Protein chains: 2
Amino acid sequence: MTGARLKHYGWGREGEGMSAEERAFVLGRYHAKFGAGEFDTVTVPGLEELSLREPRVVPPASLTPFCTTERYDRAAHTYGKSYPDYVRAMLGDYDCAPDVVAYPRNESEISAVMDWAGSVGASLTPFGGGSTVCGGVEPQADGIKHKAAVTLDLRNLSNVVEVDPVSRAALIDAGTYGPSLENQLKPHRLTLRHFPQSFEYSTLGGWIATRSGGHFASLYTHIDDFVESLRVVTPVGVVETRRLPGSGAGPSPDRMFIGSEGILGVISRAWMRLQQRPKFRAGASVRFPTFFDAARAVRAVAQAGLYPSNCRILDPQEAFNTGASDGSSAIMVLAFESGDHPLDAWFKRALECCADHRGTPEPAEAGDAHLEGAAGIWRNAFIRMPYAREFLTPVAIINDTFETAITWDRFETFHDQVKAATERAILQATGVKGEVTCRFTHVYPDGPAPYFSFHARGRHGALLAQWKAIKDAASDALIAAGGTITHHHAVGRDHRPWYDRQRPQLFAAALRAAKRELDPRGMLNPGVLIDP
Amino acid sequence: MTGARLKHYGWGREGEGMSAEERAFVLGRYHAKFGAGEFDTVTVPGLEELSLREPRVVPPASLTPFCTTERYDRAAHTYGKSYPDYVRAMLGDYDCAPDVVAYPRNESEISAVMDWAGSVGASLTPFGGGSTVCGGVEPQADGIKHKAAVTLDLRNLSNVVEVDPVSRAALIDAGTYGPSLENQLKPHRLTLRHFPQSFEYSTLGGWIATRSGGHFASLYTHIDDFVESLRVVTPVGVVETRRLPGSGAGPSPDRMFIGSEGILGVISRAWMRLQQRPKFRAGASVRFPTFFDAARAVRAVAQAGLYPSNCRILDPQEAFNTGASDGSSAIMVLAFESGDHPLDAWFKRALECCADHRGTPEPAEAGDAHLEGAAGIWRNAFIRMPYAREFLTPVAIINDTFETAITWDRFETFHDQVKAATERAILQATGVKGEVTCRFTHVYPDGPAPYFSFHARGRHGALLAQWKAIKDAASDALIAAGGTITHHHAVGRDHRPWYDRQRPQLFAAALRAAKRELDPRGMLNPGVLIDP
C-alpha cells in the first residue's frame, strides 16, 4: 500500500475518481432513462464532520505500535462498498464504527490482537481491502454479547514470501493487494491472473475468504482452484495445510476455510498456483441478435471443452449502457490466452460454435482484440464502474448488481423470472420504471453465472427502504427459481436470509460446531454465514 | 447387479478370474524375480469352512425384507480388497464379520436401519462395492462402545433417476455400479467417464465418499469436480445440497461430504456432471530414456494447459512388468479425446513437449492408439491387475501399491527417497531383495501423483507383519518427504497414523465437532478419518 490513503467514503484512494467526462457519460445515461430534470443532490459529510462515539475499549500498550483509535482509521473501516453502505455513510451514520483498528505485521500480532479482543469481550472483524458488497466487514458490537468492535486490517502482511518457479507457485501474505501481488511476481515471469473487478483494492486473503471470482470465465473461475495450501490463525492456534498439487485424504481442509468469510479464523498466508504470463492471444467481440442466442453459444463453447479465458456475454441493454453497442445486439467478449502455444484451433472452433447460434464476429480485430472494439470498451467500463457509486448515491440513483448461477436447463425461464420480479419491485418501490440488465461473468459446462445490474430512480429519505425492497424481491426470485444467492460476491450479512434458505440446515449445524471448536468465544465476524 | 454373486474372497464375481495364461505370465515374472523354486502354497478356506460367530443382534421383523444374517452375506462384507484383507481371509480370520447386512432399497430404509442400529448400540458401516484398499469398510464392534456391527450395502439403490441432456447432468443413485451407470447413460449419448481401476466393482457413492481418482489424468482427476449436488442420509436427517454449476455461498457443503468416507452420513444419490461421448481421439505411446525425462515432459504438458485425458507414465521396470516394454525405457501413455473437435493441434504441441525431453512416439499408431501398442498392453494389464492378488497371496508374494502427490520442485528427491526407503524395508522385513516401481496416475500443473508398486517374497506365518513393516516404512517416507498419504485411495483405517500427521490438528477438531452434530452416537464407520 503506497500513495494516498484509501477514501473513507468511495472507491479507491483519496483524489481518485471518474473524470468529468466519465461522470457526464454515466449521468447522461441516467438522465436519458429517468428524465431530463435535475437530480436532488445530497452532500456527503466530510471526515471531520462525522460524529464517532468514544472508543469503548483501548488497546494495551503492547498493542499500540500497530493499533489505533484514530478517526480516519475507524471511519474507513466502518463500511464495505455495498449500496446500503454508501447510503448510510452519506447520511453520516457511523454508529457501527469499530472502536479500534489493528494493523498487525505478523501472525503473532494477529494472535495478540485476538487474545486481547477476546479478553475484553470485543468482536473481531478481519478486513482485507474492504471491497465487500454484502456487508461482510461491518463491525459488530451489541453491548451484550460483544462489548466492543475491533477490526483487523491485514494490509501489513503484504509480501510474496517465496516463489517456486518449477511448480509455478508462490507463498503470499494474505494482506497483499492485487497490484502489489502482480508486481512482486512479475520479475519471476509468473502471474496469479486473478482479476476481480475489485482487483486494485482487494487482497489475496479477502479473495480466498470470499471465494472470489476472477479473470478466467471458464475452468478456473473462483480463487478456490488456485489455493495450494493455507495458513489460518484462529483464536485457539494456527492451522497449516500441506502444500500438495492434489490429495484425496479426507474432506479437503482448505475447502473448509475457502469461503469461510472470517468466521473460523484469519487467513495469514497461502501457497498459490500461478500461471505463465500469456504470450499468445486470440479473441473477438461477437454480436448476436438476442441474449439467448449468445447464451446458447456460450453453452456450446463451454461444453466443447475449449476453456476460453474470457467468454462473457452482455445483453443488448447492458452493452448499450457501457457504450459497447447501440443496444441492438448482444455481445460476447471471447478470448483465449496461453503462455505456451498459438490458439488458432481453439479460437476457430469457438467461432464455429458462435456461428451455429447466429453469432458474427466484429471485423478487423487483431490479437489485441481484448483491448479493442466492443470488448475493449466494455473492459474499460468494467474497471471504472466501482467509482460511479460515490456520486450516484448522492443524486438518489439506486444502482446495484447481484449475481448467481443456474443450470442450463433452467436458465432462460430463470432469467425471465428474476428480471421480471426485479423490474416489478423497482416500479413498486420507487413508482418509476427502472431497468434490469444481465451479463454472464463465468460459465460452466452445466450452467452459467448470470450477473444482473439494476437501475432505479430513488428518493432521498427512502433510499435504504427502496433498495431493500428491490434487493429482497430479486433475492426471493433467485432462490425460488433454483439459483444460488451468490456466485462470487459472498454471503456476508446482506445475503444471510437467502443463504439460510439455500444452505442445508444440517450443514449449518456442522459449520456452527466447527466454529465453536476454532472460535469458542464466537468473536470472529459474528453474524456472517451462521449465528452461534 | 446381475449375474453370479460377488466372491467373498477375491476380485469380482464367482467364476471370474485370470486365465491360466495370464496367471502363468504373472507368476513367471515373480519366478524370474525371486528364483525358480516352487512357491509354498496355502489353501484358502471355502465359504462353508469359515467359522462365524452367532450374530450378536438380529433385525426386527420390519427390517427383515432387506436385512440378512446369512453366512455368505456376512463373509462377503467382512473385508475390502487390501493386502492384509486377503491375508486375513486366507487365514480364515472372520472375527470382524458384520452381524447383519442390510440392503436398503430407498432412503427411508437407510434411515430405518440407522435408527435400529443406533437403538441396539451397533456400529454402521456404509458399503459400496467393497473395493477399498485401506480398510475403509471393516465392521467395528468392540463389545463396549459398539455392541454389534451392521453393514449397509447400497447395491439396491442403482438407478439413473433423471437425465438433463441440456446441462449434461444426471441424478444417480449412490449404489449404482460403474458398468450399470454407463449402460444407463448410453441411450442418452452421455457418459460420466469415471473409470477407476475398480470401475466394475465399485459404486458412485463409494467414489464420492473416497474422492476416487478416475479416467482423466489431468484437469478432472478426482470425482469431486463432477459432483453437482448430493443427498446424504445422516442419523439426524437428510442433507440435500442445491443443484448448481458453481457457487460462492460459504464453504462448499458438498466438499464436506466428498471424502468423508462414511463417517458423516450415507450418500444416497447425486447429480453428476456428464460428458459427451468422445468422437475424436489423438494419442500415442511415447518412449523416454529415463523416468525423470518422462516426468519432465509430463510437467511441460501439464503446465502448457493442454489437458490431455491421459498423460500417465511408467518407469522402465513398471513398463516391463506389465509387458509394455522390454525394460529399457520409460513409457508415456498420452491421449486426447473430445466429443466436439479434432485434436491435432493439442496432440502436436504435446508431442513437442515430449521431444523437448527426449521422448519419441511409437511409430505407426492410428486414432485407436489408446487400445494399441504399449499403451494398449498396459491398459489391459491395468484392468486385469486386481485379479492377481487372490492367487499371489496364497503363494506368499507380497504385492501392493501406494500412491501420493507432491509438488514438482520436490518430486525427484521425493521419488528417490520413497523408493529407497521401501526397498530397504522389503529387504529388512523379508531378507530378500524386492522391487519397487513407479508410475504417474494423475498430473497437475504444480505436481504429479506418483503411484508406487512393490513386490516382495514373503513367508507364510509372517505375511501380515512383513507387509506392515514395508507399508509403515513407505508411509513414513511419504509423509517425511512432504507428500500426501493418499491421492485417491482414501484414508480408511490403514492410513490413519499418517493421515493424523498430515492433517492439521485443528481441522480434525472441526471435523469431530461436525460429526458429533450429524452422528451424535458416533455409530458411522467408527475409526475412519477421526476418533470421537
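Residues numbered from 1 in each chain as written. Chains lettered and ligands numbered in written order. Predicted model: local features only at pLDDT ≥ 70, side-chain atom pairs only at ≥ 80, totals over all residues. Heavy atoms only, no water.

**Describing the domain arrangement of chain A**
All names here are of chain A.
Next up, step 1: Segmenting chain A into domains produces domain 1 (20-153), domain 2 (280-386) and domain 3 (388-494).
Next up, step 2: Placing the centre of domain 1 and that of domain 3 at their C-alpha centroids yields a distance of 25 Å.
Next up, step 3: Interface area, domain 1 with domain 3, both sides summed: about 2600 Å², of which 68% is carbon and sulfur.
Next up, step 4: Its largest share of buried area at the contact with domain 3, domain 1 owes to Phe34, Tyr83 and Cys134, together 30% of the area lost on that side.
Next up, step 5: Remark: the boundary between domain 1 and domain 3 carries one salt bridge.
Next up, step 6: A salt bridge links glutamate 435 to lysine 33; the shortest N-O distance between them is 3.1 Å. (Domains from an automatic or database assignment. Buried area = accessible area lost by both parts, 1.4 Å probe. Salt bridge = Lys/Arg side-chain N within 4 Å of Asp/Glu carboxyl O.)

**Section: the environment of B:Arg299**
Next up, step 1: The topology assignment puts B:Arg299 in helix 8 (residues 291-303).
Next up, step 2: In this structure the C-alpha to C-alpha distance between B:Arg299 and B:Val443, which are 144 residues apart in sequence, comes to 7.9 Å.
Next up, step 3: Setting aside residues no more than four positions away along its own chain, B:Arg299 makes contact with A:Val166 and B:Trp408.
Next up, step 4: Here A:Val166 takes part through its backbone oxygen, which lies 2.9 Å from a polar atom of the side chain of B:Arg299. (Helix = DSSP H or I, 4+ residues; strand = E, 2+ residues; numbered from the N terminus. Contact = heavy atoms within 4.5 Å. Polar contact = N/O pair within 3.5 Å; in protein donor to acceptor, adjacent residues only side chain to side chain.)

**A look at the packing of aromatic side chains**
Within a pair of aromatic rings, the relevant descriptors are the distance that separates the centres and the angle that separates the planes.
Next up, step 1: In this structure the tally under the stated criterion is 36 aromatic pairs over all chains.
Next up, step 2: Centre to centre, the rings of A:Phe291 and A:Phe292 are 6.5 Å apart; their planes meet at 35 degrees, and the pair counts as tilted.
Next up, step 3: Between B:Tyr9 and B:Tyr86 the ring centres are 5.2 Å apart and the planes differ by 70 degrees, which places this aromatic pair in the edge-to-face class. In this pair, B:Tyr9 is assigned in the segment before helix 1 (20-34) and B:Tyr86 in helix 3 (residues 83-90), connecting sequence segments 77 residues apart. Residue B:Tyr9 shares its accessibility class with B:Tyr86, and that shared class is buried.
Next up, step 4: Three or more aromatic residues link up through ring pairs in this structure, and these residues are A:Phe291, A:Phe292, A:Trp408, A:Phe411 and A:Phe440.
Next up, step 5: Over the ring of A:Tyr72 we find A:Arg5, and its NZ or CZ is 3.9 Å from the ring centre.
Next up, step 6: It is A:Lys33 that lies over the ring of A:Tyr30; its NZ or CZ is 5.7 Å from the centre. (Phe/Tyr/Trp six-rings, centres within 6.5 Å; stacked < 30°, edge-to-face > 60°. Buried < 20%, exposed > 50% of the residue type's maximum accessible area, 1.4 Å probe, protein only. Lys NZ or Arg CZ within 6 Å of the ring centre and 35° of its normal.)

**Concerning the sheet that holds strand 15 (residues 360-361) of chain A**
All names here are of chain A.
Next up, step 1: Spatial ordering of the open sheet is given by 15-12-14-13-17-18-16, a layout of seven strands whose pairing is antiparallel. With partners counted over all chains shown, the strands left at the sheet margins are strand 15 and strand 16 (397-403), one partner each.
Next up, step 2: The pairing of strand 12 (residues 280-288) with strand 15 spans two bridges and is classified as antiparallel. Across the sheet, the residue bridging to arginine 287 is threonine 360, located in strand 15.
Next up, step 3: In the packing of helix 1 (residues 20-34) onto the sheet, contacts are made with strand 16, strand 17 (435-444) and strand 18 (447-457), and the angle to strand 18 comes to roughly 75 degrees.
Next up, step 4: Helix 8 (residues 291-303) contacts strand 12, strand 13 (310-314), strand 14 (330-338) and strand 17 of the sheet and is inclined by roughly 10 degrees relative to strand 17. (Pairing = 2+ DSSP bridges. Axes fitted to C-alpha atoms, helices over the stretch in contact; angles between N-to-C directions.)

**Quick look at the pattern of salt bridges**
Next up, step 1: Tallying each qualifying case throughout the model produces 77 salt bridges over all chains.
Next up, step 2: Put simply, A:Glu240 and A:Arg231 hold a salt bridge, and the shortest N to O gap is 2.7 Å.
Next up, step 3: Given the relative accessible area of 45%, A:Glu240 is considered partly exposed.
Next up, step 4: Between B:Glu352 and B:Lys348 there is a salt bridge, with the nearest N and O atoms lying 3.6 Å from each other. With a gap of four residues between them, B:Glu352 and B:Lys348 both fall in helix 10 (residues 344-355), about one helical turn apart.
Next up, step 5: Owing to a relative accessible area of 33%, B:Glu352 belongs among the partly exposed residues under this scheme.
Next up, step 6: When salt bridges with common partners are traced through the structure, they connect A:Asp164, A:Glu228, A:Arg243 and B:Asp409 into a single cluster.

**As for the sheet that holds strand 2 (residues 100-102) of chain B**
Residue and element names in this part refer to chain B.
Next up, step 1: On the basis of which strands lie adjacent, the open sheet formed by four strands has the order 1-2-4-3 and mixed pairing. Strands at the two margins of the open sheet, each flanked by one partner only, are strand 1 (67-68) and strand 3 (122-127).
Next up, step 2: Sheet strands touched by helix 4 (residues 107-119): strand 1, strand 2, strand 3 and strand 4 (148-153). Its angle to strand 4, the strand with the most contacts, is close to 175 degrees.

**What to know about the interface of chain B and chain A**
Size of an interface, as often reported, equals the accessible area lost when the parts are brought together.
Next up, step 1: Contacts between the two partners involve 84 residues from chain B and, on the opposite side, 83 residues from chain A.
Next up, step 2: Regarding the contact of chain B and chain A, the summed buried area is about 6500 Å², with carbon and sulfur atoms giving 59% of it.
Next up, step 3: Between B:Arg349 and A:Asp340 there is a salt bridge whose closest N-O contact spans 2.7 Å.
Next up, step 4: For the side of chain B that touches chain A, the leading source of residues is helix 16 (residues 505-518) of chain B, giving 10 residues.
Next up, step 5: Looking at side-chain class alone, the side of chain B that touches chain A contains 40 nonpolar, 25 polar and 19 charged residues. (Nonpolar A, V, L, I, M, F, W, Y, C, P; charged D, E, K, R; others polar.)

**Thoughts on the relation of the copies chain B and chain A**
Both copies of the chain are placed relative to one another by a rotation about an axis and a shift along it.
Next up, step 1: With an RMSD of 0.0 Å, chain B superimposes on chain A once it is rotated by 180 degrees and translated 0.0 Å along the axis. Here the two chains are linked by the operation of a two-fold rotation axis. Distance from the rotation axis, computed per C-alpha, reaches its smallest value in chain B at B:Ala513: 2.6 Å. (Least-squares fit on C-alpha atoms with pLDDT ≥ 70 in both.)

**A few points about the pairing of strand 4 (residues 148-153) of chain A**
All names here are of chain A.
Next up, step 1: Across the six residues of strand 4, six count as buried, placing the element largely inside the fold.
Next up, step 2: Of the strand pairs in this sheet, strand 2 (residues 100-102) and strand 4 are connected by three bridges, and their pairing is parallel. Bridge pairing links valine 101 to threonine 151 in strand 4.
Next up, step 3: Relative to strand 4, strand 3 (residues 122-127) runs parallel, the two being bridged by six bridges. Bridged to leucine 124 within strand 4 is valine 150.

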